[in-house]
Amino acid sequence: MTSFDSSPTLTAWRALLAIAVVFVMLATTGWTAVRHQHSDAPRTVALASWAKGSIAGRALPAADAPPYKLAHFFAALTDAQQAGLARKYPLVVGNLNGAPVTLRYQANRLALEQARTAEQTRVHDSRLSPDGRADAQHRVDRFRSMLAEGRHFLAFDPSGRGHAAEVFGDLDRAERVSVVVPGVDTNLLTLERTGDKTNAAPVGMAKSLYAAEHSGHPGVRTAVIAWADYTAPAGIGMDAALGNLAERGAVRLDALVKSLPGSAPVSLFCHSYGSVLCGVAADELPGRVTDIAVAGSPGMRVDNAGQLHTRANVWAMRDHDDWIEDVPNLEFGGLGHGADPVDPDFGARIASAGDAVGHSGYFEPGTESLGNFAAIGAGAYTSVTCARSDSGCHEQISGHATV
């Protein structure tokens, strides 16, 4: 929190002004919210069916069971039984933390095919408004892209604005795993972009990071996850200045990390509102999370890095022309996200953002910011370029995970 030597009334006015600045910034530079959302909840229907299902005379486990229990359940099944469940309940199996990774890929491909078919029907539904049919066509185009050969989804839910998580690399054999946690307006229609803003979307961020890790540190087998599997704030609104969605997303992030195969160290790369989520999640994440790196952060809902209560290395960076710098760092009555992570007093390791451009430019190929992220993801800490405000950002660092 930020304290003021002033009256409560003046403090309140400053807090309201700060929130107004946040809203203006999001309105003028954030992604456009999806106004015509898909209201059906196909996964809710699938979950109800799963809850009544059975296999080999045994009831199916609860879909929200701990990952280790779900892993034990699937380990006891034959390959044919696993495949049968994926075919019958693709929207459930594809999102089960604890199910085998390759089985989740297969299930989500089936779920994507079904979702595309459903949206193709809606495109020609005369009962829908023109905007509704246009929204359906956008979703058809998105699902067609997601079904391209070679793409692997660890999570997929078309309900509402939608969730997804895509994997780059071999997650089962990776020596280190990176997870990209994006911010405001993350949904299925903003999952990826074309043109000159490719690397501002979750999939583009993860692809850039994976390529940079591979080219800069070829001796390390890495995998990168574009994690768009939480409900992010939708454009301008109070949600962007509150921590409610971050708290719910933190539960999902924790479940993801706990379900990842093997014991490879995990690094989180949290952009914008994603850094709020990572801050909330920090103290519950398993010990294999060795790094939490934030960029363009409005705050992590704490006063300093010590209050995150994590053994992970906490990194922060901000480009010189990122508009988030103009957002006051404070918390008042639940509004705002606290201290600035790139303030030396916060206690994070401050890495250079180099030639990143603006709030969405941290994952652009060739930038120092991306190079630093790749070094962190590969565990090559001595290769990280420190910011001038923290010339020893990689000193006394440990990359050993505790599982």
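For the structure, check the block above.
Residues numbered from 1 in each chain as written. Predicted model: local features only at pLDDT ≥ 70, side-chain atom pairs only at ≥ 80, totals over all residues. Heavy atoms only, no water.

> Mind laying out the pattern of salt bridges, listing which residues take part and the relevant values?
This model, assessed by the stated rule, comprises 12 salt bridges. With a closest N to O distance of 2.6 Å, Glu-166 and Arg-151 form a salt bridge. On the criterion of sequence distance, the pair formed by Glu-166 in strand β4 (residues 163–168) and Arg-151 in the loop between α7 (130–146) and β3 (152–157) is long-range, its members being 15 residues apart. Taken individually, Glu-166 and Arg-151 each receive the classification buried, so the pair is uniform in this respect. For the salt bridge of Glu-175 with Arg-221, the shortest nitrogen-to-oxygen distance reads 3.8 Å. With Glu-175 in the loop between β4 and β5 (176–181) and Arg-221 in the loop between α8 (202–216) and β6 (222–228), this residue pair connects regions lying 46 residues apart in the sequence. A single salt-bridge network, built from bridges that share partners, covers Arg-142, Arg-151, Glu-166 and Glu-192. (Salt bridge = Lys/Arg side-chain N within 4 Å of Asp/Glu carboxyl O. Helix = DSSP H or I, 4+ residues; strand = E, 2+ residues; numbered from the N terminus. Buried < 20%, exposed > 50% of the residue type's maximum accessible area, 1.4 Å probe, protein only.)

> Account for the sheet that holds β3, with residues named and values stated.
Taken together, the 8 strands give an open sheet; going across it, the order is β3-β4-β6-β5-β7-β8-β9-β10, and neighbouring strands pair in mixed fashion. A single partner strand is all that each edge strand has here, and the edge strands are β3 and β10 (349–350). Bridging between strand β9 (residues 313–317) and β10 involves 2 bridges; their strand directions are parallel. For Ala-316, the partnering residue across the bridge sits in β10 and is Ile-350. Against the sheet, helix α9 (residues 244–259) contacts β3, β4, β5, β6, β7 (266–271) and β8 (289–295), and its axis sits at roughly 155 degrees relative to β6. (Pairing = 2+ DSSP bridges. Contact = heavy atoms within 4.5 Å. Axes fitted to C-alpha atoms, helices over the stretch in contact; angles between N-to-C directions.)

> Pulling in residues and values, what's your account of the layout of surface pockets?
Empty space among the atoms becomes apparent when a probe as large as a water molecule is rolled across them. By volume, the largest pocket amounts to about 450 Å³. Residue lining of the largest pocket: 23 residues in total, with Ala-63, Asp-64, Asn-95, Asn-97 and Ala-255 positioned closest to the centre. Where the lining of the largest pocket is concerned, the elements lending two or more residues are α2 (42–52), α3 (67–75), β3 and α9. Here the lining of the largest pocket gets 6 residues from one element, more than from any other, and that element is α9. Roughly 350 Å³ of volume is contained in the second largest pocket. (1 Å grid on protein atoms, 1.4 Å probe; cavity = no way out; pocket = protein on both sides within 12 Å on 5 of 7 lines; lining within 4 Å. Points joined across faces, edges and corners; volume = space filled by probe spheres on them.)

> Talk me through the state of the cysteines; I want residue IDs and the actual numbers.
Using the criterion set out here, one finds 2 disulfides in the structure. Between the sulfur atoms of Cys-270 and its disulfide mate Cys-278 the distance is 2.1 Å. Taking the torsion about the sulfur-sulfur bond, which here is approximately -85 degrees, the covalent link between Cys-270 and Cys-278 counts as left-handed. The pair Cys-270 / Cys-278 is uniform in exposure class, with both members buried. Two residues share a disulfide in this structure: Cys-386 and Cys-393, whose sulfurs sit 2.2 Å from each other. Every disulfide takes its handedness from the sign of the S-S torsion; for Cys-386 and Cys-393 that torsion is -85 degrees, giving left-handed. (Disulfide = S-S within 2.5 Å.)

> Tell me about the environment of Asp-326, residues and numbers included.
Mapped onto the elements of the fold, Asp-326 is located in the loop between β9 and β10. Sequence separation between Asp-326 and Pro-298 is 28 residues, and the spatial gap between their C-alpha atoms is 9.6 Å.

> Explain the packing of α9 against helix α10 (residues 273–281) to me, using residue names and the numbers behind them.
Between α9 and α10, the shortest axis-to-axis distance is 8 Å and the interhelical angle comes to 65 degrees. Between α9 and α10 the crossing geometry is right-handed. Contacts between α9 and α10 involve Asn-244, Leu-245, Ala-246, Glu-247, Gly-249, Ala-250 and Leu-253 on the former and, on the latter, Tyr-273, Val-276, Leu-277, Cys-278, Val-280 and Ala-281. Classifying every residue of the contact of α9 with α10 by side-chain character gives 10 nonpolar, 2 polar and 1 charged. (Left-handed = near helix turned anticlockwise from the far one by under 90°. Nonpolar A, V, L, I, M, F, W, Y, C, P; charged D, E, K, R; others polar.)

> Give me the nonpolar core: which residues, what numbers.
In terms of nonpolar packing, the biggest core is built from 60 residues, with Phe-74 and Leu-85 touching the most fellow members. Setting aside chain neighbours within four positions, we find Phe-74 in contact with Trp-50, Gln-82, Leu-85, Val-93, Leu-96, Ala-99, Pro-100 and Leu-103. Listed in part, the 49 residues of the second largest apolar core include Trp-227, Val-257, Leu-268 and Ala-305. (Core = buried A, V, L, I, M, F, W, Y, C linked by side-chain atoms within 4.5 Å.)

> Any details on the packing of helix α4 (residues 79–88) against helix α6 (residues 101–123)? Residues and values, ideally.
Taken N-terminus to C-terminus, the directions of α4 and α6 make an angle of 30 degrees; their axes are 8 Å apart at the nearest point. Taken as axis vectors, α4 and α6 run roughly parallel relative to one another. Judged by the twist between their axes, the crossing of α4 over α6 is right-handed. On the side of α4, the interface is formed by Gln-82, Ala-83, Ala-86 and Arg-87, while α6 contributes Leu-103, Ala-107 and Leu-110. Of the residues assigned to the contact of α4 with α6, the class counts are 5 nonpolar, 1 polar and 1 charged. (Parallel < 35°, antiparallel > 145°, perpendicular 65-115°, else oblique.)

> I'd like a rundown of the packing of aromatic side chains, residues and numbers included.
Applying the stated rule across the entire model yields 7 aromatic pairs. Centre to centre, the rings of Phe-143 and Phe-156 are 5.5 Å apart; their planes meet at 90 degrees, and the pair counts as edge-to-face. Residue Phe-143 is located in helix α7, and its partner Phe-156 is located in strand β3; the two are separated by 13 residues in the primary sequence. Taken as a pair, Phe-143 and Phe-156 share a single burial class, namely buried. (Phe/Tyr/Trp six-rings, centres within 6.5 Å; stacked < 30°, edge-to-face > 60°.)

> Tell me about the pairing of β3, and name the residues and values.
Counting buried positions over the 6 residues of β3 gives 5, a clear majority of the element. By the bridge criterion, 5 bridges tie β3 to β4 in an arrangement that is antiparallel. Directly across from His-152, in β4, lies its bridge partner Val-167. Linking β3 back to β4 in an antiparallel pair, the connection comprises 5 residues, with Gly-160 at a positive phi of about 60 degrees.

> I'd like a rundown of α3, residues and numbers included.
For α3, every residue scored as buried is listed here: Pro-67, Leu-70, Phe-73 and Phe-74. Seen end-on, α3 carries its buried residues on one side only, within an arc spanning 120 degrees. Those residues of α3 that are exposed and angled more than 90 degrees off the buried face are His-72 and Ala-75. (Arc of directions from axis to C-beta.)

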